[in-house]
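Chain by chain, the residues:
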Amino acid sequence: MPTEFISLTFPNPSTELNPLPNPVIDPDYLTRYARNLDDYEFNYTLVPYDSSYFDPFTTGATIAAVTKKLKIIIALRPNTVYPTVAAKMLATLDQVSRGRAVVHFIAGGSDVEQAREGDFLNKEERYDRLEEYIKILKRAWQSSDPFDWDGKYYQFKGFSNRVRPVNGKSIPVSVGGSSDAAYRVGGSLADIFGLWGEPLKETKEQIDRIYAESDKAGRPVSERPRIWVTFRPIVAETEELAWAKAHRTLDALQGNRTDGRGRVTAGAPPPQNVGSQRLLDIAKRGEVQDRALWYPTVTATNARGASTALVGSVQTIVDSLLDYVDLGAELISIRGYDNLNDAIDYGRYVLPKVRAALKERESGANGTQ
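Residues numbered from 1 in each chain as written. Predicted model: local features only at pLDDT ≥ 70, side-chain atom pairs only at ≥ 80, totals over all residues. Heavy atoms only, no water.

## Regarding the overall build of the chain
Our working rule: Under the scheme used here, helices are H or I runs from DSSP no shorter than 4 residues and strands are E runs no shorter than 2 residues, and both carry numbers assigned from the N terminus. Note on method: radius of gyration uses C-alpha positions; expected globular size equals 2.2 Å times residues raised to 0.38. Only protein chains enter the calculation, and the probe is 1.4 Å; a residue is then buried if its accessible area is under 20% of its type maximum, exposed if over 50%, and partly exposed in between. By definition in these notes, contact holds between two residues if any of their heavy atoms fall within 4.5 Å. Note on areas: Shrake-Rupley, 1.4 Å probe, and residue coverage restricted to the protein chains presented here.
Helix and strand counts for the chain come out as twelve helices and 13 strands. The C-alpha atoms of the chain give 20 Å as radius of gyration, which agrees with the globular expectation for 369 residues (21 Å, within 12%). In terms of overall dimensions, the chain has C-alpha extents of about 65 × 60 × 45 Å along its principal axes. Per-residue burial over the chain gives 53% buried out of 369 residues. By sequence separation, contacts in the chain at least 24 residues apart represent 71% of the contacts at least 6 residues apart. Total accessible area on the chain is roughly 16,400 Å²; 51% of this is exposed by carbon and sulfur atoms.

Right, here's the structure in full:
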């Protein structure tokens, strides 16, 4: 399948560099942002989830209404919506968007965050529940015939889902994480597996783990999960300008955290989730890994979410992304720190060059010019 690009949805002008106090949704900004992604041929946008954040389904439906091709990835925690309800909600979004719905499952990486919405399962239990949840959704999308379920976490009788996905079969399911449980559930059940940006060696090791779990589950090679890797590119016309921009970005992130305006407070405890712990451990090895993978943005934010940067000229960023494509990444998520302007720059300069390079490779492989 072709290499595709993902962005993150931003519903207002607030950024990590210039955070606005208690921002509300700005419908005009959300529309402008989504349409720019559509116009610059991003393939997907991820609508995030947080216990204190906007509802992703409403936001996703709004995006669907103002775009034509952009696929909407809904981030979903199983503890927030019963699976039979989620099956209908996602299929409804798929219908109103004419087949553009995707779901990204978050098992939950923080006990504290999960408890805010009444979820007190431990990590292993959360992944076991996620496994059951995905199986229910897949069954509900396959047929409108009534079925019963008697599992550990969910029980019901005679459920019939008459809200069909557009393709009549399913909606793409994404799982992310860096733990053994994540590899097991995602490798066996997901269509897409999401990773944060790590060095090439570690990324290859993770991909191998995911594929091993897929093989163990009896899935054919052609049905292994597609790999999604996320970066925060800091790009400029030259290497020197890009690194100057990177250090200005870092100063702003550190200053906001010190002032209490960052996403993580200065005295925040170490993260509980394995993905963030891995990023912080890699950061101890040095600031720059491989071509241009830059880790001070990780330590400045306590590795909250996707936080590894790629720094350099357009060509350096393109070459770095191609390195991950060569490892097997089919979906590349890129988002910056100046949300709208960075997305436009990526759409103008980065995406076309990556696609042109891949097309040139394909032409060479086929013996054409």
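## Points about the pattern of salt bridges
So the rule is basically this: We define a salt bridge as a contact between a side-chain nitrogen of Lys or Arg and a carboxyl oxygen of Asp or Glu at a distance within 4 Å.
Per the counting criterion, the structure on display carries 23 salt bridges. Across the pair Arg184 and Asp128 runs a salt bridge whose closest N-O atoms are separated by 3.1 Å. Note that Arg184 is positioned in helix H6 (residues 180–189) and Asp128 in helix H5 (residues 123–142), a separation of 56 residues in sequence. Using a relative accessible area of 30% as the deciding quantity, one classes Asp128 as partly exposed. For Arg226, the salt bridge identified is with Glu330, shortest N-O distance 2.6 Å. Of this pair, Arg226 sits in strand E9 (residues 226–236) while Glu330 sits in strand E13 (residues 329–334), placing them 104 residues apart in sequence. Glu330 gets classed as partly exposed once you look at its relative accessible area, which sits at 23%. The network of salt bridges with common partners includes Glu4, Lys71, Arg226 and Glu330.

## Considering unusual backbone geometry
The phi dihedral of Asn22 is positive, around 45°, even though this residue is not glycine. Along the chain, Asn22 falls in the loop between strand E1 (4–8) and helix H1 (27–39). Of the residues examined, Asn22 reaches a relative accessible area of 74% and is grouped as exposed. If you check the backbone angles, Arg98 has positive phi at about 60° while not being a glycine. One can find Arg98 in the loop between helix H3 (83–96) and strand E4 (101–105).

## Details of the packing of H6 against helix H7 (residues 200–216)
Note the threshold: To get an axis, fit a line to the C-alpha atoms, keeping to the stretch in contact for a helix; angles then go from 0 to 180 degrees between the N-to-C directions. Should an angle lie under 35 degrees it is considered roughly parallel, over 145 roughly antiparallel, and from 65 to 115 roughly perpendicular; all remaining angles are considered oblique. By convention, the crossing between two helices is left-handed when the near helix turns anticlockwise from the far helix through less than a right angle, and right-handed when the turn is clockwise.
With their axes 7 Å apart at the nearest point, H6 and H7 run at an angle of 55° to one another. With respect to H7, the axis of H6 lies oblique. Both H6 and H7 take part in a crossing whose hand is right-handed. For the pair H6 and H7, contact is made by Asp180, Tyr183, Arg184, Gly187 and Ser188 and by Gln206, Arg209, Ile210, Glu213 and Ser214, respectively.

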